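Here is what each chain is made of, one letter per residue.
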Amino acid sequence: MTTSHAESEPAPPTSMAVPRGSSTVLRIVLGAQLRRLREEHHITLEAAGQAIRASHSKISRMELGRVSFRVRDVADLLTLYGVTDQADRQALLALVERANVAGWWHNYNDVLPNWFETYVGLEESAAVIRNYEVQFVPGLLQSEEYARAVVLLGYPTASEEEVERRVRLRMGRQRLLRNPDPPHLWAVLDEAVLRRPLGGPEVMRGQIDHILRALELPNVTVQIVPFSVGGHAAAGGPFSILRFSQPDLPDVVYMEQLTSAVYLEKRDDVDSYLEVMERLCIEAEPVSRTREILLGIREEL
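This report concerns the structure included in the present document. (Residues numbered from 1 in each chain as written. Predicted model: local features only at pLDDT ≥ 70, side-chain atom pairs only at ≥ 80, totals over all residues. Heavy atoms only, no water.)

Turning next to the overall build of the chain. Regarding its fold elements, the chain presents 12 helices and 6 strands. For the chain, whose C-alpha radius of gyration is 21 Å, the value lies close to the compact-globule estimate of 19 Å for 301 residues. A sequence separation of at least 24 residues applies to 74% of the contacts in the chain between residues at least 6 apart. For the chain, the exposed surface amounts to about 14,300 Å²; the carbon and sulfur share of it is 52%. Between the centroid of the 33 positive side chains of the chain and the centroid of its 42 negative side chains there is a distance of 3 Å. (Helix = DSSP H or I, 4+ residues; strand = E, 2+ residues; numbered from the N terminus. Rg over C-alpha atoms; globule rule 2.2 N^0.38 Å. Contact = heavy atoms within 4.5 Å. Areas by Shrake-Rupley, 256 points an atom, 1.4 Å probe, with all protein chains shown as cover. Lys, Arg positive; Asp, Glu negative; His and termini not counted. Charge placed at Lys NZ, Arg CZ, Asp CG, Glu CD.)

Following the criterion strictly, the structure yields 22 salt bridges and no others. Linking aspartate 76 and arginine 53 is a salt bridge whose minimum nitrogen-to-oxygen distance equals 3.0 Å. Pair noted here: aspartate 76 is in helix α4 (residues 71-80) and arginine 53 is in the loop between α2 (45-51) and α3 (56-63), with a separation of 23 residues, a long-range link. On the basis of relative accessible area, arginine 53 is assigned to the partly exposed category, the value being 48%. A salt bridge links glutamate 285 to arginine 289; the nearest nitrogen and oxygen atoms lie 3.0 Å apart. Among the charged side chains, a salt-bridge network with shared partners connects Arg53, Lys58, Arg70, Asp73 and Asp76. (Salt bridge = Lys/Arg side-chain N within 4 Å of Asp/Glu carboxyl O. Buried < 20%, exposed > 50% of the residue type's maximum accessible area, 1.4 Å probe, protein only.)

In the contact formed by helix α1 (residues 23-40) and helix α5 (residues 86-99), the axes pass within 9 Å of each other and the chain directions differ by 150 degrees. With respect to the hand of their crossing, α1 and α5 are arranged in left-handed fashion. Facing Ser23, Leu26, Arg27, Val29, Leu30, Gln33 and Leu37 of α1, the residues of α5 in contact are Leu92, Leu95, Val96, Arg98 and Ala99. Residue composition of the contact of α1 with α5, grouped by class: 8 nonpolar, 2 polar and 2 charged. (Axes fitted to C-alpha atoms, helices over the stretch in contact; angles between N-to-C directions. Left-handed = near helix turned anticlockwise from the far one by under 90°. Nonpolar A, V, L, I, M, F, W, Y, C, P; charged D, E, K, R; others polar.)

What follows concerns the packing of aromatic side chains. Counted according to the given criterion, the structure contains 9 aromatic pairs. Taken together, the ring pairs connect Trp115, Phe116, Tyr119, Tyr254 and Tyr263 into an aromatic cluster. Against the face of tryptophan 186 rests arginine 130, its NZ or CZ located 4.5 Å from the ring centre. Over the face of the ring belonging to tyrosine 155 we find arginine 166, whose NZ or CZ atom lies 3.8 Å from the ring centre. (Phe/Tyr/Trp six-rings, centres within 6.5 Å; stacked < 30°, edge-to-face > 60°. Lys NZ or Arg CZ within 6 Å of the ring centre and 35° of its normal.)

The subject of this paragraph is the packing of helix α10 (residues 201-214) against helix α12 (residues 290-300). Axis separation between α10 and α12 bottoms out at 10 Å; the angle between their running directions is 165 degrees. When the interaxial angle is binned, α10 and α12 end up roughly antiparallel. Pair α10 / α12 crosses with left-handed handedness. Two secondary-structure elements touch here, α10 through Arg205, Ile208, Asp209, Ile211 and Leu212 and α12 through Arg291, Leu294, Leu295, Ile297 and Arg298. (Parallel < 35°, antiparallel > 145°, perpendicular 65-115°, else oblique.)

Before going further, it helps to spend a moment on unusual backbone geometry. Leaving glycine aside, a negative phi is the common case for residues, and trans is the common case for peptide bonds. Within the chain, histidine 42 stands out as a residue other than glycine whose phi angle is a positive 55 degrees. Examined against the element boundaries, histidine 42 turns out to sit in the loop between α1 and α2. A residue is classified by how much of its surface remains accessible, and histidine 42, at 73% relative accessible area, is exposed. Notably, arginine 53 is not glycine yet its phi reads approximately 60 degrees, a positive angle.

The next thing to look at is the sheet that holds strand β3 (residues 220-225). In space, the 6 strands of this open sheet follow the order β3-β2-β1-β4-β5-β6, with mixed pairing throughout. A single partner strand is all that each edge strand has here, and the edge strands are β3 and β6 (261-264). Mean inter-strand twist for the sheet, computed between neighbouring axes without regard to direction, equals 15 degrees. Bridge count between strand β5 (residues 252-256) and β6: 4 bridges; the pairing is antiparallel. Looking at β6, one finds that methionine 255 is bridged to valine 262. (Pairing = 2+ DSSP bridges.)

The next thing to look at is the pairing of strand β1 (residues 128-133). Most of β1 is tucked away, with 5 of its 6 residues classed as buried. Looking at chain direction, β1 and strand β4 (residues 239-243) are connected through 5 bridges and run antiparallel. Of the residues in β4, the one forming a bridge with asparagine 131 is serine 240.

The next point concerns helix α6 (residues 114-125). With 12 residues, α6 extends 18 Å from end C-alpha to end C-alpha; this agrees with the ideal 16 Å at 1.5 Å per step. α6 sits mainly inside the fold: 9 of its 12 residues count as buried. For α6, every residue scored as buried is listed here: Phe116, Glu117, Tyr119, Val120, Gly121, Leu122, Glu123, Glu124 and Ser125. Each element contacted by the buried residues of α6 is listed here: α1, β1, α8 (160-174), β4, β5 and β6. (Expected span 1.5 Å × (residues − 1).)

As far as function goes, none of this settles anything; it's purely spatial.
Take a look at the structure:
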């Protein structure tokens, strides 16, 4: 994934504000710093690879944050890039150790596909998470019973143990919303999400209650797109947009598929999805009506 806006000015390593939590994000930040240093000194990928006894493709993967880092490799690259100040070197070498620390979600590697692991890591460090959903309640807002119904729908032959581990992973992600410095979750739900009786009426009533409790958090916003809107801007399907406070990280658009996912970061792509999201928010019922709508649907279940 691309790791910085083209217009961003290079920043000295010691100026970095260390982002929250996620080793995924720390690797991207570290890779972005290494790429900037390499480009400032007009050093090719091939030359950088030779300095650490590796291929140019490994340097590319390091700069994209797609692989773990070795302290020795980063130290050799810093020497090649002319970083001799000990404070600057230590700032980046200390980041190597933090970037290699496995996140809590690695305990669920048996049920967490690689393509979704990246999203969980990005989600952990996002400042703003915007979701549009047409079929399911977003994972960060699912009740335990609803999440279990969703898992059983996707994995009908899974063992009881596997189902429970998938549910526990989803519940673990929700702790993010109650962190001391939580992201702002802004979810836009098609009315069909709330009308579809997944798990049965009792589960859906519990799910609506769960959303109502989440709305008491100052960092959670939910809007509903009613059936009366008809066709709307996001006819293509659900998507998420992640925004970060760290300047080395661009916005990321995430679209999940059946057995894989798409991550978009090119400015034009992101801008197109941001425009669609803004139009959805205009077409949706205002935030002030969300609670009233939820209670009305709950009564009809």
